[in-house]
Amino acid sequence: RTVTNFVTHPSMQQPSDIHFFRDAILRGVNCAATAPNHKITEPTTFHRILSPSAASERLLDIAYEVTLGRLLDHRLSGEEACRNEAMRKREKWANIPAFVVATVSGMEDQTSAADGGYYKELPYVPPTTMRQLEDYASACASIQNLLLSLHAEGLGSKWATGPVIR
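Residues numbered from 1 in each chain as written. Predicted model: local features only at pLDDT ≥ 70, side-chain atom pairs only at ≥ 80, totals over all residues. Heavy atoms only, no water.

**Q** Quick question: what am I supposed to make of the overall build of the protein here?
**A** Secondary structure assignment for the protein yields 4 helices and 2 strands. For the protein, the sequential pattern of α-helices and β-strands runs α-β-α-α-β-α. Buried residues in the protein amount to 28% of all 166 residues. A separation of at least 24 residues holds for 72% of the contacts in the protein among residues at least 6 apart in sequence. If you sum the accessible surface of the protein, you get close to 11,100 Å²; carbon and sulfur atoms cover 54% of it. (Helix = DSSP H or I, 4+ residues; strand = E, 2+ residues; numbered from the N terminus. Buried < 20%, exposed > 50% of the residue type's maximum accessible area, 1.4 Å probe, protein only. Contact = heavy atoms within 4.5 Å. Areas by Shrake-Rupley, 256 points an atom, 1.4 Å probe, with all protein chains shown as cover.)

Written as structure tokens, this is what we have:
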């Protein structure tokens, strides 16, 4: 189930201090590090992106480009309506105070397909070896631990696996 309206529990106040988000994410990553990892490869790397920053602006641009491309490909509306909807998505993401991006090592190398600053989707490369499958499972457990920690802090979070992560 995808949650699109992240509402803090009524008993908790939504923090506005960016230091709170930074520290909460650090605590979450520490919880993530306790996830099972059978081969002790520690395959998951977490990247904390606080907003506003150059990195968060790039994420907003990617969200805009992915949304616009998807809408234009499906021809759901005219070009201007598609651009407006993509901008709405970008503005929605601009209100997110922090992002955490998880990457998994040991997967087949995927170099950036960016050309002149335009976002292009990378090919999906599924795990093919037992080690890659175990690393993928460990990464999933790590991410779940992170999300549970953020939830315990009263922070809304979402595990995104859609086109924007490719």
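**Q** Got a minute to help me understand the packing of aromatic side chains in this structure?
**A** Geometry of an aromatic ring pair is reported as the spacing of the ring centres plus the angle between the planes. If you walk through the whole model with that rule in mind, you get 2 aromatic pairs. Between Phe20 and Phe21, the ring centres sit 5.9 Å apart and the planes meet at 80 degrees, which makes this aromatic pair edge-to-face. Judged by its relative accessible area of 25%, Phe20 falls in the partly exposed class. Taking the relative accessible area as the measure of exposure, Phe21 reaches 7% and is therefore buried. On the numbers, 5.8 Å between centres and 35 degrees between planes, the contact of Trp93 with Phe99 is tilted. Taking the relative accessible area as the measure of exposure, Trp93 reaches 18% and is therefore buried. (Phe/Tyr/Trp six-rings, centres within 6.5 Å; stacked < 30°, edge-to-face > 60°.)

**Q** How do you make sense of the environment of Asp61 when you look at a structure like this?
**A** Here Asp61 shows up in helix α2 (residues 54-74). Exposure remark for Asp61: the relative accessible area of 29% places this residue in the partly exposed category. Residues Asp61 and Arg90, spaced 29 residues apart in sequence, show a C-alpha to C-alpha distance of 7.1 Å.

**Q** It is not clear to me how helix α4 (residues 130-152) should be interpreted in this structure. Could you clarify?
**A** Residues spaced three or four apart along an α-helix face the same direction, because each turn holds 3.6 residues. Its 23 residues give α4 an end-to-end C-alpha distance of 33 Å, which sits within 8% of 33 Å, the value for a rise of 1.5 Å per residue. What α4 keeps buried is the set Gln132, Asp135, Ser138, Ala139, Ser142, Ile143, Leu146, Leu147, Ser149 and Leu150. Looking at the buried side of α4, the elements it contacts are α1 (18-32), β1 (44-50) and β2 (98-104). (Expected span 1.5 Å × (residues − 1).)

**Q** How should I be thinking about the packing of α2 against helix α3 (residues 79-94) in this particular structure?
**A** Describing two packed helices takes the angle between their axes plus the distance from one axis to the other. One way to put it is that α2 packs onto α3 with a least axis distance of 8 Å and a crossing angle of 150 degrees. Looking at the two axes, α2 sits roughly antiparallel to α3. Pair α2 / α3 crosses with right-handed handedness. Residues Glu57, Leu59, Leu60, Asp61, Ala63, Tyr64, Thr67, Leu68, Leu71 and Leu72 of α2 form the contact with α3, whose own contacting residues are Glu79, Cys82, Arg83, Glu85, Ala86, Met87, Lys89, Arg90, Trp93 and Ala94. Looking at the contact of α2 with α3 residue by residue, the classes come out as 12 nonpolar, 1 polar and 7 charged. (Axes fitted to C-alpha atoms, helices over the stretch in contact; angles between N-to-C directions. Parallel < 35°, antiparallel > 145°, perpendicular 65-115°, else oblique. Left-handed = near helix turned anticlockwise from the far one by under 90°. Nonpolar A, V, L, I, M, F, W, Y, C, P; charged D, E, K, R; others polar.)

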